[in-house]
Amino acid sequence: MTERGLAIVRTAALAAGLMWLAAPDVATQNTPPAAARAPVAPMPTAPAPAWRPPRTPDGHPDLQGYWTSLSFTPLERPERFGTREFLTDQELEQMFSAGVERSYEFTFANSADTPVYDATVYALDAWQNGVRPNRRTSLIVDPPNGRLPALTPQAKAERSWAPRESFDGPERLGLGLRCFGVRQPPIPTGSGYNRNAFIHQSKDHVLVEYEWESATRVIPLDGRPHLSPNIRPWRGDPRGRWEGNTLVVETTNFRPEATPEDGNAGTLRMTERFTRLDENTIEYKYTVDDPSTWTRPWTVILPLARIDGPLFEYACHEGNNGLVNILEGARNEEKGRPESR
Amino acid sequence: MRNRLQGIVGLGVAGATMAILSLAVGPLAGQAPARPQVPVPGQFPAYTPPLAADKRPDLNGIWQAFVTANIDIQDHDAQPGPRPEIMGAYGAWPAGQGIVEGGEIPYRPEALAKKKENVANRMKVEIHSDSRRHDTGDPELKCYRAGLPRAVYMPFPFQIVQSQDKIVILHEYANALRIINMTNPSEAPAESWMGWSNGKWDGNSLVIDTSGFVPYTWFDRAGNYHSDALKVTERFTPVSPYHMMYEATIDDAKVFTRPWKVSFPLYRRMERNVQLLDFNCVPFTEDLLYDHLRKERKFPPQE
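Cut-offs and rules
Residues numbered from 1 in each chain as written. Chains lettered and ligands numbered in written order. Predicted model: local features only at pLDDT ≥ 70, side-chain atom pairs only at ≥ 80, totals over all residues. Helix = DSSP H or I, 4+ residues; strand = E, 2+ residues; numbered from the N terminus. Buried ≥ 20, exposed ≤ 12 C-beta atoms within 10 Å, placed from the backbone. Contact = placed C-beta atoms within 7 Å. Pairing = 2+ DSSP bridges. Axes fitted to C-alpha atoms, helices over the stretch in contact; angles between N-to-C directions. Nonpolar A, V, L, I, M, F, W, Y, C, P; charged D, E, K, R; others polar. Core = buried A, V, L, I, M, F, W, Y, C linked by C-beta atoms within 7 Å. Expected span 1.5 Å × (residues − 1). Arc of directions from axis to C-beta. pLDDT = per-residue confidence, 0-100.

When helices and strands are counted, chain A shows 7 helices and 10 strands. Counting across all 341 residues of chain A, residues that qualify as buried make up 36%. Sequence separation of 24 or more characterises 65% of the internal contacts of chain A that already satisfy a separation of 6 or more.

Listed below in structure tokens is the structure:
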């Protein structure tokens, strides 16, 4: 679809959203959350004092349940904050309110009369899905400036060669549009839909499902070696262990098409740490170490907030009407029929 | 100690009494271990499964069916498979004895006609940007989630990850996931390909009721199918350290005149360090599903 086509859809969606808001019977049931929301406690940044995480019957720290990784906090720190790690109370309130309003707008811009989703029914916006304020100025906590480290000269050169998106066929569209169901680690964040995760533990495995693409990882805890480099699962090859109250997961064997922040699958190693901070929060911390892509490792802290669940099946490929529409639209446009459906 | 006890239990009632005695008094000095029975297909000696930390039978592990029911759940002969002129024996499908108890599937007459139409059109794929994409073609051909019970007898392993209030079954085929609620049974909040599952323990058996299915999955490549009224009741019963018996009762009054049942054993995968790998078949279907939408077709239609 052309930029113009997208703009038309967006305008129509916005108009539909405004009409929806104006309908009085509905408006009383759905008071705009940005105006009416109750204050939400910011997420903790350290374990609650004297709080001991519950244990599973197998004696492991219990990380189980449904969690959301929704966040209004940018991956990289805005430069104005320099090396400052935390927001003031006032900045936090402003940042969170702006995020709620943006996600509220997203809901209504995708409302009933648009061709794709009625987001008001599915509660796709962050506010309705349990997002909580995060005091940090960025998700990246190391390097100290909160930003991705410099690329190596090799990575810089390779990225300048990256092929552009093309609508000639599915090959040069994103893996998400093609519904490859990849969603490699880390747990995806942002304020879009389906940023939820399900954690489940047996005596010797931890399973992590992301609602986005229903991507599921099974992490063995038995100390077995990694797979051969000839086997590269779409979500990498994780190995886990307990260190005190923390689940530590090392992942290698990434596929070249699906690495964190487009690192190099051949050299990238990811270490994730899951630690319960209190009843309703997990500190999810990960470090990406890929010396052929970045001049130093970098680390993110993404707090996870407990939600009620359930997670829904994300059968993306089975209903991938979007890819058909994109390619059909491109073919129609080549024939000079941009409006045809 | 444990192996010997199990051997003794296998001898039957008298053996069980002895086992209780030996439990009570501990190992009997000088007693030779009982000789295991010669295995007979279809029969398993009495078996007591190990328990998980919550004292429920421990079904954790990687399991797989070794039936050919994905080709046809009923008795079928070997077949050449599609495109034998290029696929040769690579593409041929093996014969198999069916998994349907009693052999017959009790279709309503009009539903049997639809089954026959399905098999005639199993490789006819027409992808539209709406649900017409499901009108023809085996969902497996398109790499769609397999639904139930097909996911269990697809020729791929699945892993059971067992906790207390939930049990997860993850399939290597399409990374398809089922979360079984073991407490607070609830109705499906939305339809899905793998259904909405509530489970309970019945003795050593895990019994799972699943409904809330989309009407698009098939039971096999032979076009056996169901509607959105499908309810599947499964029983996973451990019968040895390395086997479970699996049963699924299929109830769909829109398509069948009565409930019917499939059953077969599941085998524990025992390779050292065995783990689920990926069978992400979506990339393998793009040429089939979307070639007609490419600017330049890779596979122009042949006259």
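Time to look at the overall build of chain B. What chain B contains, in helices and strands, is 6 helices and 9 strands. With 303 residues in all, chain B has 34% of them scored as buried. A fraction of 55% describes how many contacts in chain B between residues 6 or more apart in sequence connect residues 24 or more apart.

Here we come to the sheet that holds strand 8 (residues 243-251) of chain B. All names here are of chain B. Spatial ordering of the closed barrel is given by 1-2-3-4-5-6-7-8-9, a layout of 9 strands whose pairing is mixed. The mean inter-strand angle of the sheet, taken between neighbouring strand axes irrespective of direction, is 30°. Relative to strand 9 (residues 260-268), strand 1 (residues 61-65) runs antiparallel, the two sharing 3 bridges. Among the inter-strand pairings, A65 is bridged to a residue of strand 9, identified as L266.

Considering the arrangement of structural elements, one finds N280(B) in the loop between strand 9 and helix 6 (282-290). Accessibility expressed as a C-beta count within 10 Å gives 20 for N280(B), which makes it buried. Between the C-alpha atoms of N280(B) and N175(B), which are 105 residues apart in sequence, the distance is 7.1 Å. Sequence-distant contacts of N280(B), defined by excluding residues within four places in its chain, comprise F180(A), G181(A), W234(A) and N175(B).

Each partner contributes residues to the interface: chain B has 38 residues there, and chain A has 38 residues. Of all the secondary-structure elements, those providing two or more residues to the side of chain B that touches chain A are strand 2 (158-162), strand 3 (166-171) and helix 6 of chain B. A per-element tally of the side of chain B that touches chain A places helix 6 of chain B first, with 4 residues. Across the side of chain B that touches chain A, the residue classes break down as 18 nonpolar, 12 polar and 8 charged.

By size, the foremost hydrophobic cluster in this structure holds 92 residues, and its most contacted members are A197(A), A151(B), V168(B) and L170(B). Counting residues per element, this core draws most heavily on strand 10 (residues 298-307) of chain A, at 5 residues. Once you skip the residues sitting within four places of it in the chain, A197(A) turns out to touch W67(A), S69(A), I187(A), V208(A), E209(A), Y210(A) and L304(A). In terms of nonpolar packing, the next biggest core, distinct from the first, is built from 8 residues, F96(A), V100(A), A126(A) and W127(A) among them.

Once that is clear, we can look at the environment of F180(A). Of note, F180(A) is situated in the loop between helix 6 (153-160) and strand 3 (196-201). Remark: the alpha-carbon pair of F180(A) and P233(A), spanning 53 residues in sequence, is separated by 12 Å. If sequence neighbours within four positions are ignored, F180(A) has contacts with L175(A), W234(A), N280(B), V282(B) and P283(B).

Locating K55(B) in the fold gives a position in the loop between helix 2 (13-25) and strand 1. Residues K55(B) and Q164(B), spaced 109 residues apart in sequence, show a C-alpha to C-alpha distance of 9.8 Å.

This part is about helix 7 (residues 321-334) of chain A. Over its 14 residues, helix 7 of chain A extends 20 Å from the first C-alpha to the last, a length consistent with the 20 Å expected when each residue adds 1.5 Å. Buried residues of helix 7 of chain A: L323(A), L327(A) and G329(A), and no others. Buried positions in helix 7 of chain A, seen along its axis, are confined to an arc of 155° and lie on one side of it. Elements that come into contact with the buried residues of helix 7 of chain A comprise helix 6 of chain B. G336(A) sits one or two residues past helix 7 of chain A and shows a positive phi near 75°.

Turning our attention to the pairing of strand 7 (residues 231-240) of chain B. Residue and element names in this part refer to chain B. As paired elements, strand 6 (residues 205-211) and strand 7 share 5 bridges and run antiparallel to each other. Looking at strand 7, one finds that T210 is bridged to V232. Summarising the sheet, strand 7 and strand 8 pair through 9 bridges and their orientation is antiparallel. In the strand pairing of strand 8, T233 is matched with T249.

A few words on the pairing of strand 9 of chain B. Across a regular strand the side chains alternate sides, sitting on one face of the sheet and then on the other. Relative to strand 9 of chain B, strand 8 of chain B is paired through 8 bridges, and the arrangement is antiparallel. For E247(B), the partnering residue across the bridge sits in strand 9 of chain B and is S263(B).

It is worth spelling out unusual backbone geometry at this point. Residue D142(A) is joined to P143(A) through a cis peptide bond whose omega torsion reads 10°. Take P143(A): it is sitting in the loop between strand 2 (140-142) and helix 6. The omega torsion of the bond from L148(B) to P149(B) falls at -5°, within 30 degrees of zero and hence cis. You can see P149(B) is positioned in the loop between helix 4 (109-120) and helix 5 (150-153).

With that settled, consider the confidence of the model for chain B. This prediction gives chain B a mean pLDDT of 91; 89% of its residues lie at or above 70. In this model, residues 1-28 of chain B is a region of pLDDT below 50 whose contacts with residues beyond four sequence positions or in other chains number 23 contacts.

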